[in-house]
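Architecture and fold: a report
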Amino acid sequence: MTKVLVVDDDFMVAKLHSRYVSAVPGFSVVGVAHTGAEALRAAHRLRPDLVLLDIFLPDMDGIGVLRELRGAGLAMDALFITAARDAGMVRAALRAGALHYLIKPFNQAALHEQLRHVASLRTRLDGLDEARQEDVDQIFGTRPPGSRELPKGLAPHTADLVEGILRAHPDGLSATECAEAGSLSRVSTRRYLEHFAATGRAEVTLRYGGTGRPERRYRPAG
């Protein structure tokens, strides 16, 4: 269970964000704070895994809160949720160690996506004894040059379609099932799925049953 501290000076917004968080399996809101000082006290007391942190607080800005948490040696991740659009503020959040920066207003799905990303990072890191470069690239959200480029014969629009179908089936599906869902040819769909597997965007498992070759099943990486 990922413990979350919600920090926002607006009581109603903090309540809304808490409800959003609680709707995601594996996440639990352990505290709410409305000022920087409250956030620091709550973080020391509750030791959350993740802080949803507004920048505009009445006594200090969220960047300062995160810097103090880091200075105190508290090992927790931070996701900024703010109306601040200034590029310098985004840069400061990044340098302070934020995982991401979500600009208000946003919908529930946008926050859920970020929380799932946090869960994916935690799962990946917990499962590693020694990191390969491809593991590090995925954790830090970077990829080797050209890894997002499609091989000759694959179209960006179709790649987006196939990847969307793949992400809609987290438990996995076959190339045939994916092709049927997107009204595509099985041979073409398998090329996209194999490309995703080769570039770390999909994982492949084999399902054995009956006679003949085992069926290849694809699911989103992470």
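Residues numbered from 1 in each chain as written. Predicted model: local features only at pLDDT ≥ 70, side-chain atom pairs only at ≥ 80, totals over all residues. Heavy atoms only, no water.

Next up on the list: the overall build of the chain. Counting its secondary structure elements, the chain contains 9 helices and 8 strands. C-alpha atoms of the chain, sized along the principal axes, occupy 65 × 35 × 35 Å. For the chain, restricting intrachain contacts to residue pairs at least 6 apart in sequence, the fraction spanning at least 24 positions comes to 59%. When the accessible surface of the chain is summed, it comes to about 12500 Å², and 52% of that surface belongs to carbon and sulfur atoms. Between the averaged position of the 29 positive side-chain charges in the chain and that of its 27 negative side-chain charges there is a distance of 4 Å. (Helix = DSSP H or I, 4+ residues; strand = E, 2+ residues; numbered from the N terminus. Contact = heavy atoms within 4.5 Å. Areas by Shrake-Rupley, 256 points an atom, 1.4 Å probe, with all protein chains shown as cover. Lys, Arg positive; Asp, Glu negative; His and termini not counted. Charge placed at Lys NZ, Arg CZ, Asp CG, Glu CD.)

Another point: the nonpolar core. When a protein is soluble and globular, its nonpolar side chains tend to lie buried together. Grouped together as the largest cluster of nonpolar side chains are 25 residues, with contacts concentrated most on V7, L53, I63, V65, L66, L69 and F80. Listed by contribution, the elements that provide at least two residues to this core are β1 (2-7), α2 (36-46), β3 (50-53), α3 (62-71), β4 (77-82) and α4 (87-96). Filtering out sequence-adjacent residues up to four positions away, L69 remains in contact with L40, A43, L74 and M76. Counting 16 residues, the second largest nonpolar core, distinct from the first, contains V4, V6, L102 and F106. (Core = buried A, V, L, I, M, F, W, Y, C linked by side-chain atoms within 4.5 Å. Buried < 20%, exposed > 50% of the residue type's maximum accessible area, 1.4 Å probe, protein only.)

Here we come to helix α7 (residues 156-167). For α7, which comprises 12 residues, the first-to-last C-alpha distance of 16 Å matches the rise-based estimate of 16 Å (1.5 Å per residue) to within 8%. Along α7, the residues that are buried comprise T158, A159, V162, E163, I165 and L166. Across the axial projection of α7, the buried residues extend over an arc of 160°, all falling on one side. The exposed set on the far side of α7, more than 90 degrees from its buried face, consists of P156, H157 and D160. Against the buried residues of α7 lie β6 (173-174), α8 (175-182), α9 (186-198), β7 (202-207) and β8 (215-220). (Expected span 1.5 Å × (residues − 1). Arc of directions from axis to C-beta.)

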